[in-house]
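Below are the chains, spelled out letter by letter.
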Amino acid sequence: MTASQIRGLPVVTVQGGEDVAEVRDVIYSPEAGRLVGVTLNKRGFLAGRSREVLPAEAIHAVGQHAVMVLDESSLAAPEDAPDDVAHPAMERNVLGDDVLTEGGASLGKVADLVLLVGSSGEVVGYQIDKAGGGRGYIPLPAQLSVSGVALVVPNITEEFVQDDLVGLGAAVDEFRARLGLP
Amino acid sequence: MDTIGWLILVVIVVVVAAVAFVVIRRRRRGGGVIATKDKG
């Protein structure tokens, strides 16, 4: 599933079935290729940001319609949560980033982040709006660097832009092999 | 102002209120996909 599908999902407790928060930001580590945590909004139609955050290790499951936690104590105060989650670098929002090869060619713009369903938050790639039109997918190990402005990828990434998620799965392994990554 | 004028005014107020409501809600809900900073 994609990060945008997770954003806005309710956070529900397994033990009480209570709707305790809503996902606001999805925070991931490009280096580790994993979901690190999420920031939260309060529940309510015009409610804003919640002070509490949800580290990835406290997430019981991420489903199509809700993020599940064991109970309300799974939500962490900022002082008890990892710094990356408690104080996310908001300037490093990758949505809309230009995807540039190290040779200076633009492949498009980042539209979303793709995560493995049912795993413990493994990130597999990016969904992009291609420069020539249409949607594409590039594998996560492709990035050399990422900021809030641009995602820089090796030149060979252009060969690995996939048109669907099925192709992305195979592309991740092949890409790693080509780059000599584990 | 005649009846039509009042009706038009009410419609405009309702539309402006609805648009403002959607904009405010979207801004308060916020949200993005944030990359952590490199440690190395």
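Residues numbered from 1 in each chain as written. Chains lettered and ligands numbered in written order. Predicted model: local features only at pLDDT ≥ 70, side-chain atom pairs only at ≥ 80, totals over all residues. Heavy atoms only, no water.

**Some points on the overall build of chain B**
Across its full length, chain B holds one helix and one strand. In terms of its C-alpha atoms, chain B occupies a principal-axis envelope of roughly 70 × 10 × 10 Å. The burial tally for chain B puts 18% of its 40 residues in the buried class. Of the accessible surface of chain B, which amounts to about 3,100 Å², a share of 73% is contributed by carbon and sulfur atoms. (Helix = DSSP H or I, 4+ residues; strand = E, 2+ residues; numbered from the N terminus. Buried < 20%, exposed > 50% of the residue type's maximum accessible area, 1.4 Å probe, protein only. Areas by Shrake-Rupley, 256 points an atom, 1.4 Å probe, with all protein chains shown as cover.)

**Some remarks on a nonpolar patch on the surface**
A cluster of nonpolar side chains, Ile4(B), Leu7(B), Ile8(B), Ile12(B) and Val16(B), forms an exposed patch at the surface whose accessible area comes to about 480 Å². Position of Leu7(B) relative to the elements: it lies in helix 1 (residues 3-29). (Patch = residues over 30% accessible without salt bridge, like charges linked within 9 Å, V, L, I, M, F, W, Y side chains within 5 Å. Salt bridge = Lys/Arg side-chain N within 4 Å of Asp/Glu carboxyl O.)

**Quick notes on the side chain of Thr101(A)**
Residues and elements named next belong to chain A. Tracing the chain through its elements places Thr101 in strand 7 (residues 98-101). Take Thr101: its relative accessible area is 6%, and that puts it in the buried class. With residues near it in sequence (within four places) discarded, Thr101 still touches Leu107, Val153, Pro154 and Asn155. (Contact = heavy atoms within 4.5 Å.)

**A few points about the packing of aromatic side chains**
Residues and elements named next belong to chain A. On inspection of all chains with the given rule, the structure shows one aromatic pair over all chains. Judged by centre distance (6.2 Å) and plane angle (75 degrees), the ring pair of Tyr28 and Tyr126 falls under edge-to-face. One end of the pair, Tyr28, is in strand 2 (residues 19-29); the other, Tyr126, is in strand 9 (residues 123-130), and 98 residues separate them in sequence. The buried category is assigned to Tyr126, whose relative accessible area is 1%. (Phe/Tyr/Trp six-rings, centres within 6.5 Å; stacked < 30°, edge-to-face > 60°.)

**Concerning the domain arrangement of chain A**
Accessible area lost when the parts come together is the quantity often used to give the size of an interface. Residues and elements named next belong to chain A. What the domain assignment lists for chain A is domain 1 (3-88) and domain 2 (98-178). Contact residues are listed per partner, giving nine residues for domain 1 and 12 residues for domain 2. Across the interface of domain 1 and domain 2, roughly 910 Å² is buried in total on both sides, 55% from carbon and sulfur atoms. Among the residues domain 1 hides against domain 2, the three largest losses belong to Tyr28, Pro30 and Arg34. Together they make up 49% of the total. Put simply, domain 1 and domain 2 have zero salt bridges between them. Linking domain 1 with domain 2 are five residue pairs in polar contact (both at pLDDT 80 or more), by the criterion used here. Where the side of domain 1 that touches domain 2 is concerned, the elements lending two or more residues are helix 1 (3-6) and strand 3 (34-41). For the side of domain 1 that touches domain 2, the leading source of residues is helix 1, giving three residues. (Domains from an automatic or database assignment. Buried area = accessible area lost by both parts, 1.4 Å probe. Polar contact = N/O pair within 3.5 Å; in protein donor to acceptor, adjacent residues only side chain to side chain.)

**Focus: helix 1 of chain B**
Owing to its 3.6 residues per turn, the α-helix aligns residues three or four sequence positions apart on the same side. Here helix 1 of chain B contains 27 residues, and its C-alpha end-to-end distance of 39 Å stays within 8% of the 39 Å for a straight helix at 1.5 Å per residue. Phi turns positive, to about 60 degrees, at Gly30(B), one or two residues after helix 1 of chain B. (Expected span 1.5 Å × (residues − 1).)

**Notes on the pattern of salt bridges**
Oppositely charged side chains can form a pair if their charged atoms are brought close together. Summed over the entire model, instances satisfying the criterion amount to eight salt bridges over all chains. One salt bridge connects Arg51(A) with Glu79(A), and the closest N-O pair in it is separated by 3.1 Å. Pair noted here: Arg51(A) is in strand 4 (residues 49-55) and Glu79(A) is in the loop between strand 6 (67-69) and helix 2 (83-86), with a separation of 28 residues, a long-range link. The pair Arg51(A) / Glu79(A) is uniform in exposure class, with both members exposed. Lys37(B) is the partner of Glu91(A) in a salt bridge, and the nearest nitrogen-oxygen pair spans 3.7 Å. On the criterion of chain membership, the pair formed by Glu91(A) in the loop between helix 2 and strand 7 and Lys37(B) in the segment after strand 1 (33-35) is interchain, its members lying in two chains. When salt bridges that share partners are traced, they join Asp19(A), Glu22(A) and Arg43(A) into one network.

**A look at the interface of chain B and chain A**
The partner chain A presents 31 residues to the 17 residues of chain B that form the contact. For the chain B and chain A pair, buried surface summed over both sides reaches about 2,100 Å², with 49% attributable to carbon and sulfur atoms. When the buried surface of chain B facing chain A is broken down by residue, Arg29(B), Val33(B) and Ile34(B) rank first, second and third, together holding 38% of it. At the surface where chain B touches chain A, the tally comes to one salt bridge. Along the contact surface separating chain B from chain A lie 10 residue pairs in polar contact (both at pLDDT 80 or more). Within the residue set of the side of chain B that touches chain A, elements represented by two or more residues are helix 1 and strand 1 of chain B. Ranked by residues supplied to the side of chain B that touches chain A, first place goes to helix 1 of chain B with six residues. By residue class, the composition of the side of chain B that touches chain A is five nonpolar, five polar and seven charged. (Nonpolar A, V, L, I, M, F, W, Y, C, P; charged D, E, K, R; others polar.)

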